[in-house]
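# Overview (structure and organization)
Next come the chains, spelled out residue by residue.
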Amino acid sequence: MPVKSGNYSMEKIAVCPGSFDPPTKGHINIIERALAIFDKVIVAVGENTTKDATFTPNERVEMLKEIFKDCKGVEVQKFDGLLVDFVRKHGGHTVLRGIRNMTDYEYEHQMALANKTLFPELEFIFMITEGKFAHLSSSIIKEVLQFGGSGAGMLHPIVEKKWKEKLGK
Ligand code: ADP
């Protein structure tokens, strides 16, 4: 049963923010593995991404909800504005991010320090990708699919289906 300690609930909550445009097998793997460490993983789908989006925030949320529909510990939400505000609002103080390489690390390191100036108690957990997913990024997958390649090894069937529906329109 969750008990209180200090200002935080002892329920271990991780917020996993990202664009998820679209979610890849790399994202899914990080979220699944985090469930072994946290009671709840809140997947926070960013609305205010600077990247050119292929899927609307609602479509991304729907795909993730469908993928994790049997995982009790996973909650999927849209988020807008500051990450620190979202994390506070949900009673957490831990952000989970996946790391594929040194480029990810350098970016994440800077973002973590910037966020900690806004919310000093905020903790960042960086989970190293499994080797077989290290090459996966939403943007690379989008290029492969755009030119007719198959996303089978990279995308969950739910995402592949949604992608095909989008192309067919
Ligand atoms: P953002 O636009 O914020 O970078 P992404 O949707 O691209 O969001 O990624 C969300 C999180 O998932 C980030 O921490 C990113 O490093 C991580 N991630 C993306 N692809 C992979 C992968 N193949 N393996 C592990 N982590 C990944």
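Residues numbered from 1 in each chain as written. Predicted model: local features only at pLDDT ≥ 70, side-chain atom pairs only at ≥ 80, totals over all residues. Heavy atoms only, no water.

### Section: the nonpolar core
Counting 29 residues, the largest nonpolar core has Ile31, Val41, Val43, Leu64, Phe68, Val76 and Leu96 as the members making the most contacts within it. Among the elements of the structure, β3 (13–18), α1 (25–34), β4 (40–46), α2 (57–67), β5 (74–79), α5 (138–146) and α6 (157–168) are those that each provide at least two residues to this core. Leave out the neighbours within four places in its chain, and Val41 touches Ala14, Cys16, Ile31, Ala34, Leu35, Gly73, Val74 and Glu75. (Core = buried A, V, L, I, M, F, W, Y, C linked by side-chain atoms within 4.5 Å. Buried < 20%, exposed > 50% of the residue type's maximum accessible area, 1.4 Å probe, protein only. Helix = DSSP H or I, 4+ residues; strand = E, 2+ residues; numbered from the N terminus. Contact = heavy atoms within 4.5 Å.)

### Here we look at the pairing of β4
Within β4, 6 of the 7 residues are buried, which leaves it mostly tucked inside the rest of the structure. Pairing of β3 with β4, which is carried by 6 bridges, proceeds in the parallel orientation. The partner of Gly18 across the bridge, within β4, is Val45. Between β3 and its parallel partner β4, the chain crosses via α1, and the hand of that crossover is right-handed. Where β4 meets β5, 6 bridges bridge the pair, whose relative direction is parallel. Bridge pairing in β5 links Ile42 to Glu75. (Pairing = 2+ DSSP bridges. Right-handed = clockwise from strand over helix to strand, strands pointing away.)

### Side note on α5
Restricting attention to buried positions, one finds in α5 the residues Ser138, Ile141, Lys142 and Leu145. Burial along α5 is one-sided: seen end-on, the buried residues are contained in an arc of 105°. Summarising the contacts, the buried residues of α5 are in contact with α1 and α6. Trailing α5 by a residue or two, Gly148 shows a phi angle of about 90°, which is positive. (Arc of directions from axis to C-beta.)

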